[in-house]
Amino acid sequence: MTEISDFLRQPLTIGKRRIDNRLLLAPMSGLGHVAFRELLSAFGGYGLMFSEMCSARAVPRENRYHSRVFRWRDQEVTELVCQLFGSDPDVMARAAVRVEEEGFFGVDINLGCSAAAICKQNSGAALLKDPPLAAKIIAAVRKAVSFPVFVKFRTGWKDDPERAADFAMRFEDAGADALTFHPRVAPDRRSRPPKWEYIGRVKECVAIPVFGNGNVFDRNDCGNMIKISRCDGIAIGRIAISKPWVFSMWTAGFTPGSDIYKTTALKMVDLLEAHYEPVRALKYFKKFAVYFTANFRFGHSIYSRLCMAGDMQTVRENIRNVFNTPLETTTRPNMNMFVS
Ligand SMILES: Cc1cc2nc3c(=O)[nH]c(=O)nc-3n(C[C@H](O)[C@H](O)[C@H](O)COP(=O)(O)O)c2cc1C
């Protein structure tokens, strides 16, 4: 085992709870759904998983068996944090109460999503233009629940580490138990490298745990992010979709066999079919495949060969054909496929 896995496997207290592993699955809409999380659970090696973002307005009356995003397996709920987006403190607090009642590990407040559809509702990263309102939301949620309250945020709308540090202090003062910080400005949709040194600045300013996030793709990146920022843990996004076994590789010494790509893709198909109706299952497979095929040289062509399908049975046949012969993998994911 390496120094990095030793670090990642140190326990950490978050609010009144504890985790035994500091490597987390970052929230990703359309990717981090219940089917993917079941795939990931089988590999293990993570500390917590974050759900896709859920609308705080919808959560109090959602049916977990019909909702697309507010859906989970009983076996995962204690290691799952539900991410909420919204802009009204009372609405966010009400949703957080339901999340706590359902038995989740914690709730996460989305202050990072810069998608127009979310920002237009004054939610996600738009709230970083109104720090007092963001703090009010956190305080309202804090007051309503006793389980851990996480906040995920970005640098803001200006590339200034001092603003990020100021946000972090406000969020801690408002009652957040942990922060996940993605050091990019809001309009940047992952095209430029994140500034990991800003995570260090945030970490210096608060006493609560800080999880660094952004462009961690291999074990060296983990080590470098920890060295540069002294963060308490790491949340990984896209690489977790590309290689759902990375958590287990980096924290538990798992070594993937040569058929890992084929077996993982087939398992993903089975799980998507088990959790979703056929049209959505196919849509989610195609989304997953963008990141999964970033593992290969000529990933675009492999993507087309896998996804030229109108139903899941054809996807299965495509997977068997594509992975019938060994494919050339890349040491780092194909970045062109990673910028979405
Ligand atoms: C397809 C996609 C969907 C995402 N959805 C969310 C989301 O719902 N909530 C959120 O806070 N961040 C979301 N993110 C951002 C990720 O959590 C993460 O901050 C970002 O991908 C950078 O981390 P990475 O380089 O490890 O992927 C999303 C990212 C991607 C690629």
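Residues numbered from 1 in each chain as written. Predicted model: local features only at pLDDT ≥ 70, side-chain atom pairs only at ≥ 80, totals over all residues.

1. As for the overall build of the chain
Put simply, the rule reads: Numbering of helices and strands runs from the N terminus; a helix is a DSSP stretch of H or I covering at least four residues, while a strand is a stretch of E covering at least two. Each radius of gyration is computed over the set of C-alpha atoms, and the globule rule expresses the reference value as 2.2 Å times the number of residues to the power 0.38. We call a residue exposed when 12 or fewer other C-beta atoms sit within 10 Å of its C-beta, buried when the count reaches 20 or more, and partly exposed for counts in between; the C-beta positions come from the backbone. Working definition of a contact: two residues with C-beta atoms, positioned from the backbone, lying within 7 Å.
Assigned secondary structure in the chain consists of 15 helices and 10 strands. A compact globule built from 340 residues would reach a C-alpha radius of gyration of about 20 Å, and the chain, at 19 Å, matches this within 12%. Projected onto its principal axes, the C-alpha positions of the chain cover 55 × 45 × 35 Å. Burial analysis of the chain (340 residues in total) assigns 51% to the buried set. In the chain, once contacts between residues fewer than 6 apart in sequence are set aside, the share between residues at least 24 apart is 70%.

2. With respect to the pairing of strand β5 (residues 80-85)
The following threshold applies: Strands qualify as paired when DSSP identifies two bridges or more between them. Looking down the strands as they point away from the viewer, one classifies a crossover as right-handed if the path from the first strand across the helix to the second runs clockwise.
Burial of β5 is extensive: six of the six residues sit out of reach of the surface. With burial as the criterion, each face of β5 is covered, one bearing L80, C82 and L84 and the other bearing V81, Q83 and F85. Here β5 runs beside strand β6 (residues 106-111); their pairing, made up of four bridges, is parallel. For Q83, the partnering residue across the bridge sits in β6 and is D108. Each parallel crossover has a hand, and for β5 linked through helix α3 (residues 89-101) to β6 it is right-handed.

3. Considering the site of the ligand
Keep this limit in mind: Note on definitions: a residue is near a molecule or strand provided its C-beta atom, placed from the backbone, lies within 6 Å of it. By the convention adopted, Pro, Cys, Tyr, Trp, Phe, Met, Ile, Leu, Val and Ala count as nonpolar, Lys, Arg, Asp and Glu as charged, and the other residues, Gly among them, as polar.
Around the ligand, 22 residues are found, and the nearest of them are A26, S29, M53, G237 and R238. Counted by class, the shell around the ligand contains eight nonpolar, 11 polar and three charged residues.

4. Focus: the nonpolar core
How we decide: Nonpolar cores are identified as sets of buried Ala, Val, Leu, Ile, Met, Phe, Trp, Tyr and Cys residues joined via C-beta atoms within 7 Å. All the domain ranges listed were derived from an automatic or database domain assignment.
Counting residues in hydrophobic clusters, the biggest one holds 115 residues, and the most contacted among them are L84, V107, I138, V141 and L179. For this core, the element with the most residues is helix α12 (residues 278-292), which contributes eight residues. Per-domain counts for this core show at least three residues from each of domain 1 (3-252) and domain 2 (260-338). Setting aside residues no more than four positions away along its own chain, L84 makes contact with C54, A56, V59, M92, A95, A96, V107, D108, I109 and N110.

5. As for the sheet that holds strand β3 (residues 23-25)
Put simply, the rule is: The convention used is that axes are lines fitted to C-alpha atoms, helices contributing only their stretch in contact, and that angles between N-to-C directions extend from 0 to 180 degrees.
Spatially, the eight strands close up into a barrel ordered β3-β4-β5-β6-β7-β8-β9-β10, and their pairing is parallel. Across the sheet, the mean angle from the axis of one strand to that of its neighbour is 30°, orientation sign disregarded. Where strand β4 (residues 48-55) lies against β5, five bridges are found, and the strand directions are parallel. Paired with C54 across the bridge in β5 is L84.

6. Examining the domain arrangement of the chain
The assigned domain composition of the chain is domain 1 (3-252) and domain 2 (260-338). Each partner contributes residues to the interface: domain 1 has 17 residues there, and domain 2 has 18 residues. With five residues, the single largest contributor to the side of domain 1 that touches domain 2 is helix α2 (residues 34-43). Tallied by class, the residues present in the side of domain 1 that touches domain 2 amount to 10 nonpolar, three polar and four charged.

7. Examining the pairing of strand β8 (residues 178-185)
Counting buried positions over the eight residues of β8 gives eight, a clear majority of the element. Across the two faces of β8 the burial is the same, with A178, T180, H182 and R184 and L179, F181, P183 and V185 all buried. The sheet contact formed by strand β7 (residues 149-156) and β8 spans six bridges and is parallel. For F153, the partnering residue across the bridge sits in β8 and is F181.

8. Some details on unusual backbone geometry
Phi is positive for R230, which is not a glycine, with a value near 60°. Relative to the helices and strands, R230 resides in the loop between α8 (219-229) and β10 (233-236). Unusually for a residue other than glycine, F298 sits at a positive phi of about 60°. Considering the arrangement of structural elements, one finds F298 in the loop between α12 and α13 (299-307). On the basis of neighbour counts, which here come to 13 C-beta atoms within 10 Å, the residue F298 falls in the partly exposed class.

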